[in-house]
Amino acid sequence: MSNLLSDIYKERNAIPDTYRITRIDQKEYLAGGTIKTWEGESQEVLSPVCIKDADTLVQEVIGSYPMLTEKESLEILEYAVKAYDNGKGAWPVMSVEERIKCIHHFVLQMKEKRSQVVNLLMWEIGKKLADAEKEFDRTVEYIEATVDALKELDRISSRFIFEKGIFAQVRRAPLGVVLCMGPFNYPLNETFTTLIPSIIMGNTAILKPAKYGVLLLAPLLEAFRDSFPPGVVNTIYGDGKVIISPLMASGKIDVFAFIGSAFVANLIEKQHPKPNRLKSVYGLGAKNPAVILEDADIDLAVKECVTGSLSFNGQRCTALKILFVHQNIADEFIGKFSHAVSNLKIGMPWDEGVSITPLPEANKIQYMLDYVNDAVEKGAKVVNQNGGLSLKTVFFPAVLYPVNDRMKIYEEEQFGPVIPVVPFRDISIPITYIEESTVGQQASIFGKDDALISKLIDPMVNQVCRVNINSQCQRGPDTFPFTGRKDSAEGTLSVSDALRVFSIRTLVAAKDTDLNKDILSRITKERKSKFLTTDYIF
Ligand code: G3H
């Protein structure tokens, strides 16, 4: 057992008081405005954090959550369908201003749960403290920005247009029942970047957390219950095959919002019997490359590539997952990059200055080792000190060099702490890589020559959806469009785009006659409709 790794695990009593956890056996789920208690089968939650006990290291059991069955799943669906009530429900016909008040109420209650949710982010998915806090705060900011964006959208729509003898008011209306499934790497933030815009636009929702990061949503159940009319937000837990298949097969889901793998998204989507009724909103896989040109500022490229490839242990869809480095600077880059990676502190999520933390997915360590072994067998080397060392749930990042197209990691998305570095002399190598890739989210270019950079930007912007100059790939700021081509995404999820994705343009139109003008005027002046209104939201 390597000391570097064995020393990071601690006895239970060495965990700082603030971050200790008491087992949470969640039996509750939110259905139709009631927090129901589940007495059936449950799923134990194993933390990626191991506890040292004499000579053994054991993954801590931190609780359990309900394994609902098809029966509860279909009941929950009916609550969401009833709350929408073909668009006649209290929520879809509520004015935008009233819906915003409900969201404000929710945010106030959510903020009170910050420390609980942050602690659970550390224990359930191993996210380091600073990133867990950032995830929580960024989510609150996202909700507040969503409210502002909706006000703006509503203001723009609060006037009539007159065209070719027809008066019309065009607004965005909800779509129906949304099934929201979030990912384990951002179980709060990414889940809420689909849930919040979908409900604020008047849809009703069924929320299914990812396999890891389930308990952290439990502290928010009461806030959901107390902030929205019954059935607007419902939660569901269990095995996807058992609880998601019947939802889709019912044909009553109108929008499927999913962040995860394309394979799972497609498997679920095709169970819906009415493909034209179903709208899909996806954030899927990516293999974002960095292209480090001969004249790049190497220190800057190293810094950005370390955070770009290893923030949250590389478990971000936006992570840099392959680095192409010009042959003439490859030695210098590799030397500095592997040195920086080897200096990263590995430890528990709450440890001061930690970067690398335990991985939550079962078998992930073996999966990482397989990539390393495959690449080494085919001629690459692990170039950084301690690269590829592992113990229980931790894996010290491995920098692989030189990587070529025969190695599995050249094409496959590793979603973890293994970084392949490919030397190139001809710029067509990374360009062809991007063109032939099955995914197309983002890319980074590092260099100084504006002529060369501009030559790369033009082909790249038609292959990926964000080209980053001298900086890592990332989603934020959240007001920027976040999307991808090919198997990387469907729909765009910035703050304002998400409002559009979860709604449809709908209008009320009337020919220019005295009778119609009279009707429109009375409806708006006497505030008889929630849709047809010229009210301005301040
Ligand atoms: O996993 C995908 C996330 O949306 C990435 O967001 O780039 O801000 O970490 P981030």
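Residues numbered from 1 in each chain as written. Predicted model: local features only at pLDDT ≥ 70, side-chain atom pairs only at ≥ 80, totals over all residues. Heavy atoms only, no water.

K.L.:
What is the right way to look at the packing of helix H3 (residues 96–111) against helix H6 (residues 189–200) in this model?
P.N.:
Axis angle and axis distance: for two packed helices, these are the angle between their axes and the distance between the axes, and together they describe the pair. It is the contact of H3 with H6, at a shortest axis distance of 10 Å, that shows an interaxial angle of 145 degrees. Contacts between H3 and H6 involve Arg99, Ile100, Ile103, Phe106 and Met110 on the former and, on the latter, Phe192, Ile196, Ile199 and Ile200. Its residues assigned to classes, the contact of H3 with H6 comprises eight nonpolar, no polar and one charged. (Axes fitted to C-alpha atoms, helices over the stretch in contact; angles between N-to-C directions. Helix = DSSP H or I, 4+ residues; strand = E, 2+ residues; numbered from the N terminus. Contact = heavy atoms within 4.5 Å. Nonpolar A, V, L, I, M, F, W, Y, C, P; charged D, E, K, R; others polar.)

K.L.:
Which parts of the structure should I look at to understand the domain arrangement of the protein chain?
P.N.:
Think of interface size as the accessible area that goes away when the parts come together; that is how it is often given. What the domain assignment lists for the protein chain is domain 1 (67–283) and domain 2 (288–479). A separation of 32 Å is found between the C-alpha centroids of domain 1 and domain 2. Facing the 17 residues of domain 1 at the interface are 17 residues of domain 2. Buried surface at the junction of domain 1 and domain 2, both sides included, amounts to about 1600 Å², of which 60% is carbon and sulfur. Applying the counting rule to domain 1 against domain 2 returns two salt bridges. Of the charged contacts, one joins Asp478 and Arg138 as a salt bridge, the two residues approaching to 3.0 Å between their closest N and O atoms. Remark: the boundary between domain 1 and domain 2 carries seven residue pairs in polar contact (both at pLDDT 80 or more). Contributing elements (two or more residues each) for the side of domain 1 that touches domain 2: helix H4 (114–125), helix H5 (129–156) and H6. (Domains from an automatic or database assignment. Buried area = accessible area lost by both parts, 1.4 Å probe. Salt bridge = Lys/Arg side-chain N within 4 Å of Asp/Glu carboxyl O. Polar contact = N/O pair within 3.5 Å; in protein donor to acceptor, adjacent residues only side chain to side chain.)

K.L.:
I keep staring at the site of the ligand and nothing clicks. Help me out?
P.N.:
Near the ligand you find Arg138, Asn185, Tyr186, Glu190, Arg316, Cys317, Thr318, Gln474, Arg475 and Phe482, and these make up its full shell. In the model, an oxygen atom of the ligand is placed 2.9 Å from a nitrogen or oxygen of the Asn185 side chain. Contact between the ligand and Tyr186: an oxygen atom at 2.3 Å from a side-chain N or O atom of the residue. Its residues assigned to classes, the shell around the ligand shows three nonpolar, three polar and four charged. Each of domain 1 (67–283) and domain 2 (288–479) gives at least three residues to the shell around the ligand. (Near = heavy atom within 4 Å.)

K.L.:
When you look at the packing of H3 against H5 in this model, what are you seeing that I'm missing?
P.N.:
Here H3 crosses H5 at 170 degrees, and the two axes come no closer than 11 Å. Viewed along their axes, H3 and H5 adopt a mutual orientation that is roughly antiparallel. Here Val96, Ile100, Ile103, His104, Phe106, Val107, Met110 and Lys111 of H3 lie close against H5, whose contacting residues are Phe136, Thr139, Val140, Ile143, Glu144, Val147, Leu150, Lys151 and Asp154. (Parallel < 35°, antiparallel > 145°, perpendicular 65-115°, else oblique.)

K.L.:
Please clarify how the packing of aromatic side chains should be interpreted in this entry.
P.N.:
For any pair of aromatic rings, geometry is given as the distance between the ring centres together with the angle between the planes. Under the counting rule described, the total for this entry stands at 19 aromatic pairs. Ring plane angle 80 degrees and centroid distance 6.4 Å describe the contact between Phe324 and Tyr410, whose orientation is recorded as edge-to-face. With Phe324 in strand E14 (residues 320–326) and Tyr410 in helix H13 (residues 408–411), the pair connects residues that are 86 residues apart, well separated along the chain. Taken as a pair, Phe324 and Tyr410 share a single burial class, namely buried. An aromatic cluster is defined as three or more aromatic residues linked by ring pairs; in this entry it consists of Trp91, Phe106, Phe192, Phe224 and Phe228. Positioned above the aromatic ring of Trp91 is the side chain of Arg99, whose terminal nitrogen or guanidinium carbon lies 5.9 Å from the ring centre. (Phe/Tyr/Trp six-rings, centres within 6.5 Å; stacked < 30°, edge-to-face > 60°. Buried < 20%, exposed > 50% of the residue type's maximum accessible area, 1.4 Å probe, protein only. Lys NZ or Arg CZ within 6 Å of the ring centre and 35° of its normal.)

K.L.:
How do you make sense of the sheet that holds strand E8 (residues 177–181) when you look at a structure like this?
P.N.:
Pairing between sheet strands relies on hydrogen bonds along the backbone, with the strands arranged either parallel or antiparallel. Read across the open sheet, the six strands follow the order E10-E9-E8-E11-E12-E24; overall the sheet is mixed. Since the sheet does not close on itself, it has two edges, and those belong to strand E10 (233–235) and strand E24 (489–490), each with one partner. Inspection of the sheet shows strand E11 (residues 255–259) paired to strand E12 (residues 279–283) by five bridges, in the parallel sense. Paired with Phe256 across the bridge in E12 is Ser280. Those strands touched by helix H2 (residues 70–84) are E8, strand E9 (204–208) and E10, and its axis lies near 155 degrees from that of E9. (Pairing = 2+ DSSP bridges.)

K.L.:
I'm lost on a negative patch on the surface in this one. Help?
P.N.:
Negative charge collects at one region of the surface, where Asp405, Glu411, Glu412, Glu435 and Glu436 lie side by side. In this structure, Asp405 sits in the loop between strand E18 (398–401) and H13. Take Asp405: its relative accessible area is 56%, and that puts it in the exposed class. (Patch = residues over 30% accessible without salt bridge, like charges linked within 9 Å, V, L, I, M, F, W, Y side chains within 5 Å. Areas by Shrake-Rupley, 256 points an atom, 1.4 Å probe, with all protein chains shown as cover. Lys, Arg positive; Asp, Glu negative; His and termini not counted. Charge placed at Lys NZ, Arg CZ, Asp CG, Glu CD.)

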